[in-house]
Amino acid sequence: MARITLRQLLDHAAEYSYGVPAFNINNMEQVVAVMAAAEEVDAPVILQASRGARSYAGDIMLAKMVEAAEAMHPDIPICLHQDHGNDEGTCFSAIQNGFTSVMMDGSLEADAKTPANYAYNRDVTRRVTDIAHKVGVSVEGELGVLGSLETGHGEAEDGHGAEGALSQDQLLTDPDQAVEFVRETKVDALAIGMGTSHGAYKFSRKPDGKILAMHVVQAIHERLPGLHLVMHGSSSVPQELQEEFNRYGGQMPQTWGVPVEEIQNGIKLGVRKVNIDTDCRLAMAAQIRRIATENKAEFDPRKFLQPSVDALKKLCRVRYEEFGTAGQAYKIKSIPLADMSRRYRTGALEPKIHAVLV
């Protein structure tokens, strides 16, 4: 199957009322695990690469790994997505390297550290959308700054994250402003600020409505029922993975992620893409620690990496099943980029704005 755009995949997810986990990739083992899990449960896939991943692996290597995944799993639709593009150049170079979807994160300035004002975010996102849609590529925007409602700060990941104190107005997406933003930028999906953050240390306790603002998801969905929402920083950081990691010499303090049941509730409220990275890293790292502890003479990298692949595959399979992604791949026939470009050009993919600003 040819590569799929994020827009086509999320349109399908909306039609059939499911969500899609977006797994970050950096190396072959992660790609193998994500795809093996998808094959087992017939799930469409979002593989996403951050600027850090592109720097680590290189664009050519990433592109060839995804080509290999397509050849090995011809019946599984794959969307290759640029995660947290910091400027137009990052997004356009991703398109040149075969990405079918890009995120223009204009919530921060191009340094990926300084919170941006609304006008900057709107203008840079619209510029990316104008070009990307001309070649059929999807665009995800962000309104509201990713960060913790507990601490009032962001958390950097791969060099991307707000620095300094953040106000609640910055941390929580304004639902009415979301309507304006979508109307003006024509994004295909919107990441929102709701109290989630990058990394493992999201919450100091099991989150409730005071620190995980699911009411924001509901309010935006009520105003924009056709909009595809994105939850960033949505690893659940399972207790059993924390314990496994620490059992073999890790020193991870007790932490809480986004409960799966809250993500499932979000899916009912228009969340279609759920970003997951920390859980994947933790599952793999715990197995590498285990092998290193149990067999101190071992030096074959494969003996460390194969158990980590197995652990990640298990995690991905569970998320596909929990989010309703399992069993959906066979229903999808990829639409070529040229056809997607034509649909954008004719207005067939214009955002459906039902709300009226007052």
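Before going into details, it helps to say that this report is about the structure given with it. (Residues numbered from 1 in each chain as written. Predicted model: local features only at pLDDT ≥ 70, side-chain atom pairs only at ≥ 80, totals over all residues. Heavy atoms only, no water.)

1. A closer look at the overall build of the chain
- If you tally the helices and strands in the chain, you get 14 helices and eight strands.
- On C-alpha atoms alone, the chain measures out to a radius of gyration of 19 Å, which is about the 21 Å that the 2.2 N^0.38 rule sets for 358 residues.
- Principal-axis analysis of the C-alpha atoms places the extent of the chain at approximately 65 × 45 × 35 Å.
- For the chain, the accessible surface area stands at approximately 14500 Å², while carbon and sulfur atoms represent 53% of it.
- The averaged location of the 48 negative side-chain charges in the chain is 3 Å from the averaged location of its 37 positive side-chain charges. (Helix = DSSP H or I, 4+ residues; strand = E, 2+ residues; numbered from the N terminus. Rg over C-alpha atoms; globule rule 2.2 N^0.38 Å. Areas by Shrake-Rupley, 256 points an atom, 1.4 Å probe, with all protein chains shown as cover. Lys, Arg positive; Asp, Glu negative; His and termini not counted. Charge placed at Lys NZ, Arg CZ, Asp CG, Glu CD.)

2. Concerning the packing of aromatic side chains
- The full count for this structure, using the stated rule, is two aromatic pairs.
- Relative to Phe181, the ring of Tyr118 has its centre 6.1 Å away and its plane inclined at 65°; by these criteria the two rings are edge-to-face. With a gap of 63 residues between them, Tyr118 in helix H6 (residues 118-134) and Phe181 in helix H8 (residues 175-185) connect regions that are remote in the sequence. In this pair, the class of Tyr118 matches that of Phe181, namely buried.
- Sitting above the plane of the Phe99 ring, Arg54 keeps its charged end 5.5 Å from the centroid. (Phe/Tyr/Trp six-rings, centres within 6.5 Å; stacked < 30°, edge-to-face > 60°. Buried < 20%, exposed > 50% of the residue type's maximum accessible area, 1.4 Å probe, protein only. Lys NZ or Arg CZ within 6 Å of the ring centre and 35° of its normal.)

3. What to know about the side chain of Thr325
- As for its placement among the helices and strands, Thr325 is situated in the loop between helix H13 (301-322) and helix H14 (337-346).
- Among the polar contacts listed, one links the side chain of Thr325 to the backbone oxygen of Gly19, at a separation of 2.7 Å.
- If we skip the residues at most four places from it in the chain, Thr325 touches Tyr18, Gly19, Val20, Pro21, Asp42, Ala43, Pro44, Arg319 and Tyr320. (Polar contact = N/O pair within 3.5 Å; in protein donor to acceptor, adjacent residues only side chain to side chain. Contact = heavy atoms within 4.5 Å.)

4. Comments concerning the pattern of salt bridges
- Evaluated as defined, the whole model comprises 25 salt bridges.
- Note that Lys313 is salt-bridged to Glu40, the shortest N-O span being 3.0 Å. One end of the pair, Lys313, is in helix H13; the other, Glu40, is in helix H2 (residues 28-41), and 273 residues separate them in sequence.
- Salt bridges sharing common partners tie together Glu40, Lys313, Arg317 and Glu321. (Salt bridge = Lys/Arg side-chain N within 4 Å of Asp/Glu carboxyl O.)

5. Quick look at H14
- Those residues of H14 that fall on the buried side of the exposure criterion are Met340, Ser341 and Tyr344. Buried residues of H14, seen end-on, are gathered within an arc of 105° and therefore sit on one face of the element. For H14, exposure combined with an orientation more than 90 degrees from the buried face picks out Ala338, Arg345 and Thr346.
- Considering only its buried residues, H14 is in contact with helix H1 (6-16), H6 and strand E5 (138-143).
- Note on H14: the residue one or two positions beyond its end, Gly347, has a positive phi of about 85°. (Arc of directions from axis to C-beta.)

6. Some remarks on the nonpolar core
- In terms of nonpolar packing, the biggest core is built from 86 residues, with Leu47 and Tyr320 touching the most fellow members.
- It is H2 that contributes the most residues to this core, seven residues altogether.
- Discounting chain neighbours no more than four positions away, the residues touching Tyr320 are Pro21, Phe23, Val34, Ala37, Ala38, Val41, Ala43, Pro44, Val45, Thr325 and Ala326.
- Residues Leu9, Leu10, Val20 and Ile332 belong to the second largest nonpolar core, which totals 15 residues. (Core = buried A, V, L, I, M, F, W, Y, C linked by side-chain atoms within 4.5 Å.)

7. Remarks on the state of the cysteines
- Per the stated rule, a full pass over the model turns up zero disulfides.
- This cysteine, Cys91, is not joined by any disulfide, and Cys79 carries the nearest cysteine sulfur, 13 Å off.
- For Cys91, a relative accessible area of 0% gives the class buried. (Disulfide = S-S within 2.5 Å.)

8. Quick look at the sheet that holds strand E3 (residues 78-85)
- Spatial strand order, E1-E2-E3-E4-E5-E6-E7-E8: eight strands in a closed barrel with parallel pairing. Averaged over neighbouring strand pairs, the angle between their axes works out to 25° when direction is ignored.
- H1 contacts strand E1 (20-24), strand E2 (45-49), E3, strand E4 (101-104), E5, strand E6 (189-192), strand E7 (228-231) and strand E8 (271-276) of the sheet and is inclined by roughly 120° relative to E8.
- The sheet contacts of H13 involve E1, E2 and E8, and relative to E1 the element is tilted by about 155°. (Pairing = 2+ DSSP bridges. Axes fitted to C-alpha atoms, helices over the stretch in contact; angles between N-to-C directions.)

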